[in-house]
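In case you want the letters, here they are:
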Number of protein chains: 2
Amino acid sequence: MVPIASLWDEVRELSLGTSATKIERLDSPPSPLHFLRNFVSPNKPCIISNAISHWPALSLWPNHSYLSHSLSNSSVSLHITPHGRADSLVPTSTNAHSLCFASAHVERVPFTLALDRVLTSERGKYVAYLQQQNDCFRTEYAAALGSDCDAHIGWATEALGCLPEAVNLWIGNHLSETSFHKDHYENLYAVVSGQKDFLLLPPTDVHRLYIRNYPAAQYFYSQENGEFRLEMEEPVRYVPWCSVDPYPSPQAEDSERAKFPSYFNGPKPFKCTVKAGEVLYLPSMWFHHVRQSPDEKGCTIAINYWYDMQFDIKYAYFNFLQSIHCGPRLTQTKHETSGSDVSNCNLSDKSCKGALVLVGVESNQDSKDE
Amino acid sequence: MVPIASLWDEVRELSLGTSATKIERLDSPPSPLHFLRNFVSPNKPCIISNAISHWPALSLWPNHSYLSHSLSNSSVSLHITPHGRADSLVPTSTNAHSLCFASAHVERVPFTLALDRVLTSERGKYVAYLQQQNDCFRTEYAAALGSDCDAHIGWATEALGCLPEAVNLWIGNHLSETSFHKDHYENLYAVVSGQKDFLLLPPTDVHRLYIRNYPAAQYFYSQENGEFRLEMEEPVRYVPWCSVDPYPSPQAEDSERAKFPSYFNGPKPFKCTVKAGEVLYLPSMWFHHVRQSPDEKGCTIAINYWYDMQFDIKYAYFNFLQSIHCGPRLTQTKHETSGSDVSNCNLSDKSCKGALVLVGVESNQDSKDE
């Protein structure tokens, strides 16, 4: 056992639990103190039932004519991709073996048209997702739908000592998928209709997701010919992103497993399904991958509340952990000997089973001497 | 700047503050939520005024006849050393250059005799300290003095969700000093008379204290001839302890600074004085060194409440950080090249300014392969 793998195990044994299917469940909203003490402070997720039972949204929003009627004068942000994967790694248009970080085509369209696009989505044609992670609920929907749900989650607001920084609405279908990433927020994720399937990994497991820099690109969708164009950003901009796709196609599975052994052979990610009426507390800095199943009308509807996180000792530990590199981004130090194969090692390289990581430990004075 | 030194700086810049003399001060007891959110969760100390103003102890305990009268039938634990440093590193009796971890001579004596020993302490003769870190207040004193103070700190109990695991009383003089160490408890430290001077270092700074294994020893004091005997434990038992003495004698200063450059040249420890009537929240896993100044009767009196800590992600991060070794305990891996000087390095060795640390990063499968 080596230190980083011990960390992955220890955080599970001490705090999170060792069963990947057991996220703690609460039958009713916790008190602010209980929530802060047992979940926020230890950075531990939970699912809360009966926390939003009083929301009219639960019965109103699955009804598309209610939504269309209420939002008949609203235009909303619509994300369109060929396959349902936005903010995700896809092959560049010129080289199938080279990946880029692709953002969706985004348009602002009348709500009724947007909803129709979600419902008529088809892989290979287009996949539409009503979402925008910039407080879109409050800016685009709240005037019409604000009285159907709470503006914030009361016990979370009291625990965290602030109102949400952003509230986002998500209306999509089973084709949309969100790739592994983390947010610098405490997240309360309420499912209104359909269900969401999460894979969760704690921040301690950062190395298992093989975060690499990928060039940014964007989809452009032409409504006239129904075609997508994937354009690399100019000048090139690199986005650090998780390399792991947890659900590779059967053809790609062997190569993905070989490329990302720490993910596929390490402790399983926590897996949970959040059903309509339930709220997931997704702690800050946790990596999450999201898929969804629609309600009988074909939609998954959710709303999430982003609260400011504390940049405290946990965050400092995380940054230190993440700074321990392996592979091409290895920290080089003057003590590295020429005979070492360290600088050539790569976690995905079979020749680098016991990949070395170099961390300089120096006194401040020593640093100044140099 | 190298990663571990960045961690020392970052936790200060993000959360603790960069002024070593500025521990946050509260003018009145915090609400449980405020205490949990702003101090316990981020693992951040604070000093609270007016939290124990209602204790009769504040006026009663400085009065020695009150104490002697109330405790006239009690016997209590008394720690005796030649110099006031118990649970501390001292030269072994056979070799002045070899250090051991020495515990005090402990006896259970009538309170009045014990207090007299504290007041007649003299360096070179003996230094007595009324203390025992095993819940001594509740077991030895509470029957007589329990109504003079609170059995627990109400807002802390509510925040932490449990009653104290141990409550300890400390009656000493200016000669007693507690060497750098950490406790696996959340600690509320209330000063009743005199004052306590703390040096505090966050758990992120663990490498700066040069924790090494020292053989355990114990003082035995003979009342007949007034002499101490320092006996090594048999069979030998090693205790991991902080090597740094923050206040070396003028003669030893140069060599101490050379041996422990990360301590003496890194960010200064937080320094605070807790006066009679004030409470220090000393977060779990923080390293602390304590000296004291007596009241006009010659005593410092304090009582501390140890609450269970959460063994959560912070603790897992700490263990990982601590597992990164340098020097003799360096983790060796098969990738270490023979040309490297890493295995000979030592933080106190001038030739090892940029001491390397090796951390194996392996997938579980890889580990099994070997």
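An unreviewed UniProt entry annotates chain A as JmjC domain-containing protein of Jatropha curcas.

When you go through chain A residue by residue, the secondary structure sums to 11 helices and 20 strands. A burial count over chain A gives 59% of its 370 residues as buried. Taking the intrachain contacts of chain A between residues at least 6 apart in sequence as the baseline, contacts between residues at least 24 apart amount to 80%. With an accessible surface of roughly 14,900 Å², chain A has 49% of that area assigned to carbon and sulfur atoms.

Moving on to the nonpolar core. With 100 residues, the main nonpolar core has W61(A), I303(A), W61(B) and I303(B) as its most contacted residues. Each residue touching W61(B), except ones within four places of it in the same chain, is listed here: Y66(B), L67(B), F137(B), L145(B), D148(B), C149(B), L169(B), V192(B), I301(B) and I303(B). Counting 90 residues, the second-largest nonpolar core is a separate cluster that includes V206(A), I211(A), L16(B) and L200(B).

Quick look at the side chain of R12(A) now. All names here are of chain A. Mapped onto the secondary structure, R12 falls in helix 1 (residues 3-16). Here W8 takes part through its backbone oxygen, which lies 2.7 Å from a polar atom of the side chain of R12. A distance of 2.7 Å separates a polar atom in the side chain of R12 from a polar atom in the side chain of D205. Aside from chain neighbours lying at most four places away, what touches R12 is G17, T18, L201, P202, D205, R208, P267, K268 and F270.

Before going further, it helps to spend a moment on the sheet that holds strand 10 (residues 177-181) of chain B. Residue and element names in this part refer to chain B. On the basis of which strands lie adjacent, the open sheet formed by 5 strands has the order 4-10-18-12-16 and mixed pairing. Lying at the two open borders of the sheet, with one neighbouring strand each, are strand 4 (85-86) and strand 16 (270-275). Pairing geometry for strand 4 and strand 10, over 2 bridges, is parallel. Across the sheet, residue A86 finds its bridge partner in strand 10, namely T178.

A word on the pattern of salt bridges. Under the counting rule described, the total for this entry stands at 23 salt bridges over all chains. The partner of R25(B) in a salt bridge is E278(B), with the nearest N and O atoms 3.0 Å apart. On the criterion of sequence distance, the pair formed by R25(B) in strand 1 (residues 24-26) and E278(B) in the loop between strand 16 and strand 17 (279-282) is long-range, its members being 253 residues apart. The class of R25(B) is partly exposed, set by a relative accessible area of 43%. Residue E231(B) pairs with R229(B) through a salt bridge whose shortest N-O separation is 2.8 Å. Taken together, the shared-partner salt bridges in this structure form one network comprising R12(A), D205(A) and R208(A).

Scoring rules and cut-offs
Residues numbered from 1 in each chain as written. Chains lettered and ligands numbered in written order. Predicted model: local features only at pLDDT ≥ 70, side-chain atom pairs only at ≥ 80, totals over all residues. Heavy atoms only, no water. Helix = DSSP H or I, 4+ residues; strand = E, 2+ residues; numbered from the N terminus. Buried < 20%, exposed > 50% of the residue type's maximum accessible area, 1.4 Å probe, protein only. Contact = heavy atoms within 4.5 Å. Areas by Shrake-Rupley, 256 points an atom, 1.4 Å probe, with all protein chains shown as cover. Core = buried A, V, L, I, M, F, W, Y, C linked by side-chain atoms within 4.5 Å. Polar contact = N/O pair within 3.5 Å; in protein donor to acceptor, adjacent residues only side chain to side chain. Pairing = 2+ DSSP bridges. Salt bridge = Lys/Arg side-chain N within 4 Å of Asp/Glu carboxyl O.

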